[in-house]
Amino acid sequence: MSTVAGSPPAADTPMIHVRDRLDRVRKIWRWSESLARGFIWAVAASVALLLLALSDNFIHLPGALRLLLGLAWLAGVLGTLCGWVWRSAFWRINDQAAAVYLERRLGERENLLINAVQLQARLDAHTGIGSPAMMKQVVAAAALRAAELSLGALWDRQRLQRLGSISASGLLCLLLYVLLLPSHAANAYHRYTRPLADI
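Residues numbered from 1 in each chain as written. Predicted model: local features only at pLDDT ≥ 70, side-chain atom pairs only at ≥ 80, totals over all residues. Heavy atoms only, no water.

In this section: the pattern of salt bridges. As enumerated under the stated definition, the model contains 9 salt bridges in all. The closest approach of N and O atoms between E33 and R159, which form a salt bridge, is 3.2 Å. A residue pair is termed long-range when its members are at least 10 positions apart, and E33 in helix α1 (residues 14–59) and R159 in helix α6 (residues 157–180) qualify at 126 residues. One continuous salt-bridge network, built from bridges that share partners, spans R19, D23, R26 and D95. (Salt bridge = Lys/Arg side-chain N within 4 Å of Asp/Glu carboxyl O. Helix = DSSP H or I, 4+ residues; strand = E, 2+ residues; numbered from the N terminus.)

To continue, consider the environment of R30. Locating R30 in the fold gives a position in helix α1. With 99 residues separating them in the primary sequence, R30 and I129 have C-alpha atoms 34 Å apart. When residues no more than four places from it in sequence are discounted, the contact partners of R30 are S88, A89, F90, W91, R92 and I93. Here W91 takes part through its backbone oxygen, which lies 2.7 Å from a polar atom of the side chain of R30. (Contact = heavy atoms within 4.5 Å. Polar contact = N/O pair within 3.5 Å; in protein donor to acceptor, adjacent residues only side chain to side chain.)

As a further point, take the packing of α1 against helix α5 (residues 132–148). Relative orientation of the contacting elements α1 and α5 amounts to 40°, with a least axis distance of 8 Å. On the basis of the axis angle, α1 is oblique to α5. For the pair α1 and α5, the crossing hand works out as left-handed. The segment α1 lies against α5, with P14, M15, V18 and R21 engaging V139, A140, A142, A143, A146 and A147. Split by residue class, the contact of α1 with α5 holds 9 nonpolar, no polar and 1 charged. (Axes fitted to C-alpha atoms, helices over the stretch in contact; angles between N-to-C directions. Parallel < 35°, antiparallel > 145°, perpendicular 65-115°, else oblique. Left-handed = near helix turned anticlockwise from the far one by under 90°. Nonpolar A, V, L, I, M, F, W, Y, C, P; charged D, E, K, R; others polar.)

Examined against the element boundaries, R191 turns out to sit in helix α7 (residues 182–193). The buried category is assigned to R191, whose relative accessible area is 1%. A polar side-chain atom of R191 sits 2.4 Å from a polar atom in the side chain of D56. Among the polar contacts listed, one links the side chain of R191 to the side chain of H60, at a separation of 3.1 Å. (Buried < 20%, exposed > 50% of the residue type's maximum accessible area, 1.4 Å probe, protein only.)

It is worth spelling out the environment of G164 at this point. For G164, the location among the structural elements is in helix α6. Along the primary structure G164 and R92 are separated by 72 residues, whereas in three dimensions their C-alpha atoms are 26 Å apart.

Turning our eyes to something else, we now look at the packing of aromatic side chains. For any pair of aromatic rings, the description rests on two quantities: the centre-to-centre distance and the angle between the ring planes. Enumeration over the complete set of coordinates arrives at 2 aromatic pairs. Where W29 meets W91, the ring centres are 6.1 Å apart and the plane angle is 75°; that geometry is what we call edge-to-face. Here the residue W29 occupies a position in helix α1, and W91 occupies one in the loop between α2 (63–85) and α3 (95–106), the gap between them amounting to 62 residues. Arranged with centres 4.1 Å apart and planes meeting at 0°, the rings of W29 and Y101 form a pair that is stacked. Taken as a pair, W29 in helix α1 and Y101 in helix α3 lie far apart in primary sequence, 72 residues in all. (Phe/Tyr/Trp six-rings, centres within 6.5 Å; stacked < 30°, edge-to-face > 60°.)

An ideal rise of 1.5 Å per residue puts 20 Å on 14 residues; helix α4 (residues 112–125) measures up with 20 Å between its terminal C-alpha atoms. Turning to α4, its buried residues are L112, L113, I114, A116, V117, L119, Q120 and L123. Packing partners of the buried residues in α4 comprise α1, α3 and α5. H126 sits one or two residues past α4 and shows a positive phi near 50°. (Expected span 1.5 Å × (residues − 1).)

Looking now at α5. Between its first and last C-alpha atoms α5 spans 25 Å; for 17 residues at 1.5 Å apiece the expected length is 24 Å, and the two agree. Here α5 has its buried residues at M135, V138, V139, A142, A143, R145, A146 and A147. Looking at the buried side of α5, the elements it contacts are α1 and α4.

In a soluble, globular protein the nonpolar side chains are often hidden away together inside. Ranked by size, the top nonpolar core spans 27 residues in total, and within it V18, L22, V25, L102, L113 and L154 carry the most contacts. Secondary-structure elements contributing two or more residues to this core are α1, α3, α4 and α5. With 7 residues, α4 is the largest single contributor of residues to this core. If sequence neighbours within four positions are ignored, V18 has contacts with L113, V139, A142 and A143. Counting residues in each nonpolar core, the second largest holds 6 residues, with L50, L174, Y177 and A185 among its members. (Core = buried A, V, L, I, M, F, W, Y, C linked by side-chain atoms within 4.5 Å.)

Have a look at this one:
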C-alpha cells in the first residue's frame, strides 16, 4: 500500500479534511469510469461502423435496410454516449459510498474512513447514541489516515490501458479500411448518407 507524506490535519476540523479527500475520490471514480466507458463506446461504434460499411460493400444492401441500419447505428452511438458514457461523469456519490470505494480499492482493513463518516453523521444529528469523545477520536484518526493515503492508486490504470489499447485497435481497423479501400469507403459513405438514392 503506497502512501505519501501529508501534513497532519488541524485537530479542530478533522472531518473537513476527510471530506476533502472524499471529494477527490469522487472525481477520480467518476473520471476513471467515464474514460473506461468512453474506450468501450469508441471501439463498439467504430467496429459497428466498419461492419456496416463492409456489409454494404459486399452484399449491396437494399436502400430501406441501409436507412434502418444507419439510423440504428446513429441512435445507438448518441444514446450510449449521452446515457452511458457521460452519465458516469455526473454520478451522485455520497461520503459513505466514496469511503467504501476508497478503502476497498486501497485494501484498508480498519474501515477508519467508513466509520468516521457514520460517526460524524451521528454527531451532526445529535442522536445521543454513543460517546461523543470516542466518536471524535475516531474521526480525528481517520483524518490523519486520509492524509497519508495516495489516491493515485485509485486510477485503475491496468484496466484503462487494456481498454485504451482495444479502442485504438478498433479505430485503427476503421482507418486502415479508409486508407486501403478508399473507393469502397467513399461508396459506403455516400450510400449510407443517401440510403434511398440509387448509388
